[in-house]
Amino acid sequence: MFSSRMLLSDWQGVLRNGWRDPQIFLLILALSIPVAFEPWMALINNFAVDEVNFSGLERGILETIREIPGFLAFTVVYLLLIWRQQTFAILAISVMGLGVAITGLLPTVWGLYFTTMVMSVGFHFLATVKQSLAMQWTPVDMLPLVLGRMAAITSAGSLIAYGFVYVAFEFFESPYWAVYFIAGVATIGLGAVCRLAFPRYAESGYQSMTLVVRRRYWLYYALEFMSGGRRQIFVGFAAFLMVSKFEYRPEAIVALFAANHVMAMWLAPRVGRFIMRWGERPVLVFEYIGLIGIFFAYAMVETAWLAAVLYILDHLFFAMAIAIQSYFRKIAKFEDIAGTAGVSFTINHIAAVTLPWILGLIWVADENGRMFVFLVGAAMACISLGLAFLIPRLPRPGFETTLNSGRLARPAV
């Protein structure tokens, strides 16, 4: 199943137009995020306790600060009145790298709050613009494959980052500030490559530089909101379950992360091909049915090895979420892409700001709190499944949902 021929087929044609092709630029954008963020995330709890003397209160405040720029991603559209999207993406890489590079140099409570905000602004704004550029620079029929390749590159970058952190601490006993500084400078270097090695690409068409919220995109907004909620349950509580209930050691958790990314490197481009062949609705229906079963299993699991299997499957199912972006690209007016990207990112992060602490209170309030948390995830997956069935077989402007007057039988334009 993992033959080199199948792997090469997913990447065939990437360099057809040379290494200065916009698709290579997009892949570097995708790589820059884990190079900065994964070392930051892997070390932040140890750094906060060992160097800054954080308590649980300060850690909770830090997480809220980290999510605020994601909630405010809609402001990107106003900054694009000043910078072109390509230029703004390079600027966001540099800001993200700067925030990581200086993290270890300001080992105080307020210093960590400040560097986290700088890192998070660059991270969330880059993620927003990256999504917008991918939709604008890629033919609509090829978008799922390109998004899959970008997801695979992100997983590869995560593996590189984990390896760097492991070697730095295991063999060189590096201080925190050195690891953060190297990761940040490497990210800034990727931004410099994007600025110096690639041409200034012509704008592919007019983009509305206002916030775009249209009634006919309601299904896309709903899918994004539910996706954000489920993601927070996975990120916030699935790994915590491994540690709190099954007493997984740090090396075991890192091994799980690595296994996830190795699988995602192979799976993500193939998910793109599945979407191109079968459409968005079947892929999302399959994802949500799988997630319903996984969340129910999380609620009941009592075996450590089975929990690890669920964690890997959970991560793989989330790779199919690129179908949501592919669906939007098919129904959207081209000029709405930039104005909608920030709005959708904000909608996705509404749950990130509100859901974790509510479910955390439920987790500790009752002996069955863990079961209830994951049943909430299963319920959200059920709602998402119902929404997925509203995606037409041939989505396009005027045929955004199956509720559009039953006109689905008409051929695509």
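Residue indices begin from 1 for each chain and proceed along its sequence in written order. At least 70 in pLDDT is required for a residue's local features to be given in this predicted model, at least 80 for side-chain atom pairs to be given and counted, and no such filter applies to totals for whole chains, interfaces and linings, which use all residues. Hydrogens are left out, water is left out, and the side-chain values use all remaining heavy atoms of the structure.

K.L.:
Please set out the overall build of the chain residue by residue, giving values where relevant.
P.N.:
Put simply, DSSP H or I for four residues or longer makes a helix, DSSP E for two residues or longer makes a strand, and each gets a number counted from the N terminus. The helix and strand tally for the chain stands at 15 helices and zero strands. Think of it in three bands: with a 1.4 Å probe and only protein chains considered, a residue is buried below 20% of the maximum accessible area for its type, exposed above 50%, and partly exposed in between. The burial tally for the chain puts 54% of its 413 residues in the buried class. Once local pairs closer than 6 in sequence are excluded, the contacts in the chain between residues at least 24 apart make up 84%. We get accessible surface area from the Shrake-Rupley algorithm with a probe of 1.4 Å; when it comes to residues, only the shown protein chains can shield them. A total of about 18,500 Å² of accessible surface is found on the chain, and carbon and sulfur atoms cover 69% of it. Two residues qualify as a contact provided that any one of their heavy atoms is within 4.5 Å of a heavy atom in the partner residue.

K.L.:
Kindly report on the environment of Y217, identifying the contributing residues and their values.
P.N.:
Mapped onto the elements of the fold, Y217 is located in the loop between α8 (176-197) and α9 (218-244). On the basis of relative accessibility, which here comes to 0%, the residue Y217 falls in the buried class. Through-space distance from the C-alpha of Y217 to that of F328 is 7.8 Å; in sequence the pair is 111 residues apart. When sequence neighbours within four positions are dropped, the list of residues in contact with Y217 reads V212, F328, I331, A332, K333, D336 and T340.

K.L.:
Explain the pattern of salt bridges to me, using residue names and the numbers behind them.
P.N.:
For this analysis, a salt bridge means a side-chain nitrogen from Lys or Arg found within 4 Å of a carboxyl oxygen belonging to Asp or Glu. Under the criterion given, the structure shown has four salt bridges. Of the charged contacts in the structure, one is a salt bridge between D336 and R214, with a shortest N-O distance of 2.6 Å. Residue D336 is found in the loop between α13 (322-331) and α14 (337-365), and its partner R214 is found in the loop between α8 and α9; the two are separated by 122 residues along the sequence. The class for D336 is buried, based on a relative accessible area of 0%.

K.L.:
Describe α8, with residues and values.
P.N.:
Under the 1.5 Å per step criterion, the end-to-end length of α8 is 31 Å for 22 residues, consistent within 8% with the ideal 32 Å. Where α8 is buried, its residues touch α2 (22-50), α5 (85-101) and α7 (143-170). Expected helix span is given by 1.5 Å per residue-to-residue step, counting one fewer step than there are residues.

K.L.:
Describe the nonpolar core, listing the residues and the values that go with them.
P.N.:
Residues belong to one nonpolar core when they are buried, are Ala, Val, Leu, Ile, Met, Phe, Trp, Tyr or Cys, and are joined through side-chain atoms within 4.5 Å. Core analysis: the biggest nonpolar cluster contains 125 residues, and L29, I233, Y298 and F374 have the highest contact counts within it. Take this core: its biggest share by element is 16 residues, from α2. Look past the residues within four positions of Y298 in its chain and what remains in contact with it is F234, A238, L241, M242, A307, L310, Y311, D314, R370 and F374.

K.L.:
Just give me the short version of the environment of W19, but keep the residues and values in it.
P.N.:
For W19, the location among the structural elements is in the loop between α1 (4-11) and α2. Taking the C-alpha atoms as reference points, W19 and F198, separated by 179 residues in sequence, lie 8.9 Å from one another. Ignoring any residue separated from it by four or fewer positions in sequence, one finds W19 in contact with I24, A197 and F198.

K.L.:
Give a description of the packing of helix α11 (residues 280-300) against helix α12 (residues 304-318) that names residues and reports values.
P.N.:
Angles shown run from 0 to 180 degrees and are taken between the N-to-C directions of axes, each axis being a line fitted to C-alpha atoms and, for helices, limited to the stretch in contact. Following both chains from N to C, one finds α11 and α12 inclined at 155°, their axes separated by 10 Å at the closest point. On the basis of the axis angle, α11 is roughly antiparallel to α12. Like other packed secondary-structure pairs, α11 and α12 cross with a definite hand, here left-handed. On α12, the residues touching F286, E287, G290, L291, I294, A297 and Y298 of α11 are A307, L310, Y311, L313, D314, F317 and F318. To sort the angles, those under 35 degrees are grouped as roughly parallel, those over 145 as roughly antiparallel, those from 65 to 115 as roughly perpendicular, and the leftovers as oblique. Here a crossing is called left-handed whenever its near helix is offset anticlockwise from the far helix by less than a right angle, and right-handed whenever the offset is clockwise.

K.L.:
Talk me through the environment of L72; I want residue IDs and the actual numbers.
P.N.:
Considering the arrangement of structural elements, one finds L72 in the loop between α3 (56-71) and α4 (76-79). Separated by 274 residues in the primary sequence, L72 and T346 have C-alpha atoms spaced 6.1 Å apart. Once you skip the residues sitting within four places of it in the chain, L72 turns out to touch F125 and T346.

K.L.:
Tell me about the packing of aromatic side chains, residues and numbers included.
P.N.:
Each Phe, Tyr or Trp ring, with Trp reduced to its six-membered ring, pairs with another whose centre is within 6.5 Å; inter-plane angles below 30 degrees give stacked pairs, above 60 give edge-to-face pairs, and intermediate values give tilted ones. In the structure shown here, the tally under the stated rule is 20 aromatic pairs. Between the aromatic rings of F47 and Y180, the centroid separation amounts to 5.6 Å while the plane-to-plane angle is 80°, which identifies the pairing as edge-to-face. Taken together, the residues span a long stretch of sequence, with F47 in helix α2 and Y180 in helix α8 at a distance of 133 residues. Given the relative accessible area of 1%, F47 is considered buried. Relative to Y176, the ring of F169 lies with its centre 5.6 Å away and its plane at 55°, an arrangement referred to as tilted. By relative accessible area, F169 is classed as partly exposed at 27%. In this structure Y176 comes out as buried when scored by relative accessible area, which is 14%.

Taken by themselves, the reported measurements are silent on function.
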